Amino acid sequence: MNAILKATDYLATLGIGGLGVAVKARAMRTTHRLKVKRPECRHPFWLRVPSTDVPVFRQIFVDRHYDFKVARPPEVIVDAGANIGLASIWFANRFPDARIIALEPERSNFELLSANVKPYPQIVPVQAALWHRNEEIRLVDPGLGKWGFMAEAQPAAGDLSGGLCHAVRAVTVDRLMADHGLGRIDLFKIDIEGAEREVFGDASAWIERVDAIVIELHERMKPGCNRAFYSGSGGFDQEWQQGENICLSRGGCLRRA
């Protein structure tokens, strides 16, 4: 989705108040925090305006990309690439008894994520990147905004090209499950800006313990993502596309709304 919104987009998405904040921030060449209260949410949360937080908000709360039918409420949800926590907040209000692990590697996103999910004790924020090895990696900024940071292996000594942001801890899915005592993942939401190529390169240690996957693939950013995902995600009997996401489900546990 295009991260650059017109004034009419802000008005339609956040109302006259949101438009006013966006206009003021653009005039000052800065970013303001806007407090948002939604009728489907128990607590308000914050967006940075103008920023890619706004199209993320639109995807989740207006276009309802994560609105699914479920055979039973999920007990364990992992939100990998949680950004500022909006998907986790959506899930926490839809499934109030679910335990939610929200991973976000980028420092400024994680700070706002932590603030946004603080009223929800069932959401556990984790500053880490999902990866195929347990190691320290780096984040780089390809210039796509706050939703587009990419994970890369640590470069050779002295090579700091590519818009380095900062180093971050990387974890595999099976290590994440072990660290948090997760026997299964009922719903695995993945939006990790191309790292799906590494994560699904060998998913044999954990894929059979996941009941449903909702993933945005980034083949345009990192060629090989699609092939890795489909090669590593066997065993699901249902698939459909919802918004920008590919959805996989076993035995009808998750269904198109």
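Every chain's residues receive numbers from 1 upward, in the order its sequence appears when written. Owing to the predicted nature of the model, reporting of local features is limited to residues with pLDDT of at least 70; listing and counting of side-chain atom pairs is limited to 80 or more, with chain, interface and lining totals taken over all residues. Side-chain figures throughout are based on the complete set of non-hydrogen atoms in the structure, without hydrogens or water.

A. Structural detail: the overall build of the protein chain. Numbering of helices and strands runs from the N terminus, with a helix taken as a DSSP run of H or I at least four residues long and a strand as a DSSP run of E at least two residues long. Summing up its helical and strand segments, the protein chain has 7 helices and 15 strands in all. Within these notes, the globule rule equals 2.2 Å times the number of residues to the 0.38 power, and the radius of gyration is based on C-alpha atoms. Computed over C-alpha atoms, the radius of gyration of the protein chain comes to 18 Å, within 12% of the 18 Å expected from 2.2 N^0.38 for 257 residues, which places it in the range of a compact globule. In terms of its C-alpha atoms, the protein chain occupies a principal-axis envelope of roughly 50 × 50 × 30 Å. Approximately 11,500 Å² of the protein chain is accessible, and the part contributed by carbon and sulfur atoms is 51%. Here the protein chain contributes 33 positive and 31 negative side-chain charges, whose respective centroids are spaced 6 Å apart. Only the protein chains shown count as covering a residue, and every accessible area follows the Shrake-Rupley method with a 1.4 Å probe. Counted charges follow a simple rule, with Lys and Arg positive, Asp and Glu negative, and His plus the chain ends left uncounted. For the purpose of locating charges, the reference atoms are NZ of Lys, CZ of Arg, CG of Asp and CD of Glu.

B. Layout of empty space enclosed by the protein. The rule is simple: put a 1 Å grid over the protein atoms alone, call a set of points where a 1.4 Å probe fits but cannot get out a cavity, call an open set with protein on both sides within 12 Å along at least five of seven lines a pocket, and count a residue as lining if it has an atom within 4 Å of a point. Grid points are joined across faces, edges and corners, and a volume is the space filled by probe spheres set on the points. Applying the stated rule across the entire model yields 1 cavity of 30 Å³ or more. Size it by volume and the largest cavity reaches roughly 80 Å³. Surrounding the largest cavity, Val-70, Arg-72, Pro-73, Pro-74, Asp-186, Leu-187, Asp-211, Ala-212, Cys-253 and Leu-254 form its lining. The class makeup of the residues in the lining of the largest cavity is 7 nonpolar, no polar and 3 charged. Side-chain classes follow a simple rule in which Ala, Val, Leu, Ile, Met, Phe, Trp, Tyr, Cys and Pro form the nonpolar group, Asp, Glu, Lys and Arg form the charged group, and the remainder, Gly included, forms the polar group.

C. Quick peek at the pattern of salt bridges. Whenever Lys or Arg places a side-chain nitrogen within 4 Å of a carboxyl oxygen from Asp or Glu, that contact is recorded as a salt bridge. Overall, the coordinates contain 13 salt bridges when judged by the stated rule. A salt bridge links Arg-64 to Asp-67, with the nearest nitrogen and oxygen atoms 3.3 Å apart. Overall, the relative accessible area of 35% leaves Arg-64 in the partly exposed class. When salt bridges with common partners are traced through the structure, they connect Arg-38, Glu-40, Arg-64, Asp-67 and Arg-94 into a single cluster. When accessible area is computed with a 1.4 Å probe and restricted to protein chains, residues below 20% of their type maximum are described as buried, those above 50% as exposed, and intermediate ones as partly exposed.

D. Here's a closer look at the packing of aromatic side chains. Under the pairing criterion, centres of Phe, Tyr and Trp rings, with the six-membered ring standing for Trp, must be within 6.5 Å; the plane angle then separates stacked pairs below 30 degrees from edge-to-face pairs above 60, leaving the rest tilted. For the structure shown, the criterion picks out 9 aromatic pairs. An angle of 70° between the planes, with centres 5.8 Å apart, marks the rings of Phe-61 and Trp-90 as edge-to-face. Of the two residues, Phe-61 is situated in helix 2 (residues 53-62) and Trp-90 in helix 3 (residues 86-94); the sequence distance between them amounts to 29 residues. Just as Phe-61 is buried, Trp-90 falls in that class too. Each residue in the set Phe-188, Phe-200, Trp-206, Phe-229 and Tyr-230 is aromatic and connected to the rest through ring pairs, giving one cluster.

E. Inspection of the confidence of the model for the protein chain at higher detail. Confidence along the protein chain averages 89 in pLDDT terms, with 91% of residues attaining 70 or more. What pLDDT reports is the predictor's confidence in each residue, on a scale of 0 through 100. Whether two residues are in contact is decided by their heavy atoms, any of which lying within 4.5 Å being enough. A low-confidence stretch, residues 156-161 (pLDDT under 50), is modelled with 3 contacts involving residues beyond four sequence positions or located in other chains.

F. Focus on the state of the cysteines. The disulfide criterion used throughout: a pair of cysteine sulfur atoms within 2.5 Å. Counting across every chain of the model gives 0 disulfides. Between Cys-225, a cysteine without a disulfide, and Cys-247, which holds the nearest cysteine sulfur, the sulfur-to-sulfur distance is 17 Å. Relative accessible area serves as the criterion here: at 0%, Cys-225 is assigned to the buried category. Cys-253 takes part in no disulfide bond, and the closest cysteine sulfur to it belongs to Cys-247, at a distance of 11 Å.

G. Structural view of the sheet that holds strand 14 (residues 245-249). With respect to topology, 7 strands assemble into an open sheet ordered 6-5-4-11-12-14-13, the strand pairing being mixed. Lying at the two open borders of the sheet, with one neighbouring strand each, are strand 6 (123-126) and strand 13 (238-242). The average angle at which neighbouring strand axes cross in this sheet is 15°, direction not considered. Two strands qualify as a pair provided that DSSP identifies no fewer than 2 bridges between them. Sheet topology note: the strand 13/strand 14 ladder contains 5 bridges and is antiparallel. Across the sheet, residue Gln-238 finds its bridge partner in strand 14, namely Ser-249. For helices, the axis comes from a line fit to the C-alpha atoms of the stretch in contact; other axes are also lines fit to C-alpha atoms, and the angle between any two N-to-C directions lies between 0 and 180 degrees. Relative to the sheet, helix 4 (residues 107-117) contacts strand 5 (99-103) and strand 6, its axis offset from that of strand 6 by approximately 165°.

H. Looking closely at helix 1 (residues 7-28). The terminal C-alpha atoms of helix 1, which comprises 22 residues, lie only 16 Å apart, well short of the 32 Å expected from a rise of 1.5 Å per residue. To obtain the bend at a residue, axes are fitted to the seven residues ending there and to the seven starting there, and the angle between these axes is taken. Leu-14 marks the point of greatest bend in helix 1, at about 130°. Structurally, helix 1 contributes buried residues whose contacts are with strand 1 (32-36), strand 2 (45-49) and helix 2. Arg-29 sits one or two residues past helix 1 and shows a positive phi near 55°. In this analysis, the expected span of each helix is defined as 1.5 Å times one less than the number of residues it contains.

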